[in-house]
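So you can see what is in the structure, the chains are spelled out below.
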Amino acid sequence: MKVLHIPTQPFSDQRPGTSGLRKKVRVFQQTPYLHNFIQAICDALPGHEGQTLVLGGDGRYFNREAVQIILKMAAANDWGRVIVGRGGLFSTPAVSTVIRARHAFGGIILSASHNPGGPEHDFGVKYNIGNGGPAPESVTEAIWAASKVLSAYRILDAADIDIDHEGETRLGAMTVEVSNPVSEYAALMERLFDFNALARLLQGPFRMRFDALHAITGPYAHEIFEKRLGAPMGTVVNGTPLPDFGGGHPDPNLVYAKALADELFSADAPDFGAASDGDGDRNMILGKQFFVTPSDSLAVLAAQATCIPAYGGGLRGIARSMPTSQAADVVATALGIPCFETPTGWKFFGNLLDAGRITFCGEESFGTGSNHIREKDGLWAVLAWLSIIAHHGQSVAEIVRAHWARYGRHYYTRHDYEELSTEVGAQMMHALAAQFPILAGQTLVGHTVESADDFAYTDPVDGSQSLHQGLRMRFTDGSRLIFRLSGTGTEGATLRIYHEQYEIDPARQQQDPQRALRDLIALGRGLTRMEALTGRKAPTVIT
Ligand code: VG1
Ligand code: CO
């Protein structure tokens, strides 16, 4: 088999965003768009020769074709072994698990996560490093730099490989190992959680519904909840991964997981509901007629961590992304452990986890995780919640209300304005930043501005700096209003506005967040001049 050196021209838009490179499927389908990016990854990784790469994706449209191209390019770029999930499938947390368990050099995840799939929608490629986590900015910037100076890519002239049967084959000098995408991950979950206690819960009168939204967690959820824990068949719905996710957004929130939300808010609701996203790293937690905001979820899990065997010794520290509410900070203070505030994106947690400075971390965007891997982990969060429910014998609502009564409630909502024009998005951020220096000390809608700044982060472990990570306003009463542009979209710009307000009085903790936060919401719209500039009267998505 011959290694072909195919001449190519660089593309100018291959800079990875918050989580890998995401583009429309039709962009990736145009040879050599994917080829160039894969070559850039290989070029940016000195020392990968002879090493192991883990490869798989969330099953979205173009997954299988991309796997074949990457296998042939990996062989031509001297990787020693590729561990590919059967059918080309792996969830993001499973890739992280396998990288760590097999001491791989890194992994490639094919997913655009919660973005929709299908010929008209999105595809993505993400590189993870040897700790199992998303490549840090130093690596993503090196990949981008490599993509700009490509003159050729290398690919083996070979037939497609059978990726549907487990076992080993050779591709040139490289070994291809087709492996069960679920087993290593499920085994890790069995080590972390008390599966006997969880089985007792799920085999009793307790009723649970897990909606895999036709994305990657279906096979994992069937195996863990129904097979290993003995939950009744039918506990997991939409469990077969489909290339277009059945036409929906594989995004676990009240808007896109509407069928699940409707069921949990119905008269005959099950006790517990959960969903995850395209690549299985996000989670949404619902109780009977009750929605848990992701920021609260992190705080509750941290406060209750010792209910779970793997965390029985307590937590070293907690980290949250900057726009995530400060509910976790209050718990950290009570526990006497540090709490870190990082920029948005899981890659910023990697160093803190590796250094043993944190045990749990999370993001307001339905992401929660721990030091068991280096990615957020949807099913882990579900198992953690079930463990707490089993331990206390209380409902989700009772657990969260008791948490608020003890630590205070952080009312929280995020409003997304999707598909603005890139120019308008940039203009709004620019105009906001220009107002910021004069805001401190002013009283707006009843809140006095304590500080207003452009968030810059210095990694406490390696000292690396990341600038312009979002515009944040902090008020003297602890409220916050934050603005940032999304780094995962593929069309125009998405502006996210995050609102947070602290309520210590239990008598005032049962309001609808949209109502409790209405003044801050109006302020955010006013400061961005949303309606004047875009005509938009309401956000596209509220979470
Ligand atoms: C969004 C979320 C962020 C998350 C990222 C990747 O990024 O806000 O918290 O880490 O998606 O999640 P952005 O830049 O669009 O706000 V996933 O599940 O799409 O890998
Ligand atoms: Co995801």
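For the structure, see preceding data.
First things first, this report covers the structure right here in the doc. Keep in mind it's a predicted model, so treat the numbers as computed, not measured.

## Some points on the site of ligand 1
In the vicinity of ligand 1, 20 residues are found, and the nearest of them are Thr 18, Ser 113, Gly 487, Thr 488 and Arg 496. Take Thr 18: an N or O atom from its side chain is 2.5 Å from an oxygen atom of ligand 1. Between Ser 486 and ligand 1, the recorded distance is 2.6 Å, taken from a side-chain N or O atom to an oxygen atom. Class assignment of the residues belonging to the shell around ligand 1 gives a composition of no nonpolar, 10 polar and 10 charged.

## Considering the coordination of the cobalt ion (ligand 2)
Around the cobalt ion (ligand 2), the protein contributes the donor atoms Ser 113 (OG), Asp 277 (OD), Asp 279 (OD) and Asp 281 (OD), at 2.0 to 2.1 Å from the metal centre. Of note, the donors binding the cobalt ion (ligand 2) are all from one chain and are spaced S-x163-D-x1-D-x1-D. Taken together, the residues span a long stretch of sequence, with Ser 113 in the loop between strand E5 (106-110) and strand E6 (122-128) and Asp 277 in the loop between strand E12 (272-275) and strand E13 (284-287) at a distance of 164 residues. According to the relative accessible area criterion, Asp 277 is buried, its value standing at 0%.

## A look at the sheet that holds E12
The sheet built from 5 strands is open, its strands ordered E11-E10-E12-E13-E14 with mixed pairing. The open sheet terminates on both sides in strands that have one partner only, identified here as strand E11 (236-237) and strand E14 (290-292). In terms of strand pairing, strand E10 (residues 208-211) meets E12 through 4 bridges, oriented parallel. Of the residues in E12, the one forming a bridge with Asp 211 is Ala 275.

## Digging into the pairing of strand E16 (residues 339-342)
On a regular strand, one side chain projects to one face of the sheet and the next to the other, so that they alternate. What you see with E16 is a clean split: Phe 340 and Thr 342 sit on the buried side and Cys 339 and Glu 341 on the side with no burial. Strand direction decides the pairing type here: strand E15 (residues 318-321) and E16, joined by 4 bridges, are parallel. Note on E16: the bridge partner recorded for Arg 320 is Glu 341.

## What about the packing of aromatic side chains?
In this structure the tally under the stated criterion is 16 aromatic pairs. Between Trp 79 and Phe 105, the ring centres sit 5.8 Å apart and the planes meet at 75°, which makes this aromatic pair edge-to-face. Here the residue Trp 79 occupies a position in the loop between helix H3 (63-76) and strand E4 (81-89), and Phe 105 occupies one in the loop between helix H4 (92-101) and E5, the gap between them amounting to 26 residues. A relative accessible area of 3% places Trp 79 in the buried class. An angle of 75° between the planes, with centres 4.6 Å apart, marks the rings of Trp 346 and Phe 349 as edge-to-face. In this structure Phe 349 comes out as buried when scored by relative accessible area, which is 0%. Within the aromatic cluster, the residues linked to one another by ring pairs are Phe 11, Phe 28, Tyr 33, Phe 62 and Phe 123.

## Digging into the environment of Asn 63
Inspection of the secondary structure assignment puts Asn 63 in helix H3. Residue class for Asn 63 comes out buried when judged on its relative accessible area of 3%. Spatially, the C-alpha atoms of Asn 63 and Ser 297 are 32 Å apart, while their sequence positions differ by 234 residues. In this view, Asn 63 contacts Gly 57, Asp 58, Gly 87, Gly 88, Leu 110 and Phe 123; residues no more than four positions away in its chain are not counted. One polar contact links the side chain of Asn 63 to the main-chain carbonyl oxygen of Gly 88, over a distance of 3.0 Å.

## Some points on the sheet that holds strand E20 (residues 443-444)
Ordered in space as E20-E21-E24-E25-E26-E19-E27, the 7 strands form an open sheet in which the pairing is antiparallel. Where the open sheet ends on each side, the last strands, each with one partner, are E20 and strand E27 (541-542). Alignment of E20 against strand E21 (residues 447-454), held across 2 bridges, turns out to be antiparallel. Bridging across to E21, Thr 443 finds its partner in Thr 448. The strands touched by helix H17 (residues 518-528) within the sheet are strand E19 (409-420), E20, E21, strand E24 (471-475), strand E25 (480-485) and strand E26 (493-503), with E25 carrying the most contacts at an inclination of about 45°.

## Points about the side chain of His 415
Residue placement: His 415 occurs in strand E19. In this structure His 415 touches Leu 495, Arg 496, Ile 497, His 499, Gln 514, Ile 521, Pro 539, Val 541 and Ile 542, once residues within four positions along its chain are discounted.

## Examining unusual backbone geometry
Residue Pro 32 is reached from Thr 31 by a cis peptide bond, and omega for that bond is 10°. Looking at the secondary structure, you find Pro 32 in the loop between helix H1 (25-29) and helix H2 (33-43). Positive phi outside glycine occurs at Asn 238, with the angle close to 50°. Counting through the fold element by element, Asn 238 comes out in the loop between E11 and helix H9 (258-264).

## Considerations on H17
The complete set of buried residues in H17 reads Leu 520, Ile 521, Leu 523, Gly 524, Arg 525, Leu 527 and Thr 528. Looking at the residues trailing H17, positive phi occurs at Arg 529, about 55°.

Rules used in this analysis
- Residues numbered from 1 in each chain as written.
- Chains lettered and ligands numbered in written order.
- Predicted model: local features only at pLDDT ≥ 70, side-chain atom pairs only at ≥ 80, totals over all residues.
- Heavy atoms only, no water.
- Near = heavy atom within 4 Å.
- Polar contact = N/O pair within 3.5 Å; in protein donor to acceptor, adjacent residues only side chain to side chain.
- Nonpolar A, V, L, I, M, F, W, Y, C, P; charged D, E, K, R; others polar.
- Donors = N, O, S within 2.8 Å, 3.2 Å for Na, K, Ca; no water.
- Helix = DSSP H or I, 4+ residues; strand = E, 2+ residues; numbered from the N terminus.
- Buried < 20%, exposed > 50% of the residue type's maximum accessible area, 1.4 Å probe, protein only.
- Pairing = 2+ DSSP bridges.
- Phe/Tyr/Trp six-rings, centres within 6.5 Å; stacked < 30°, edge-to-face > 60°.
- Contact = heavy atoms within 4.5 Å.
- Axes fitted to C-alpha atoms, helices over the stretch in contact; angles between N-to-C directions.

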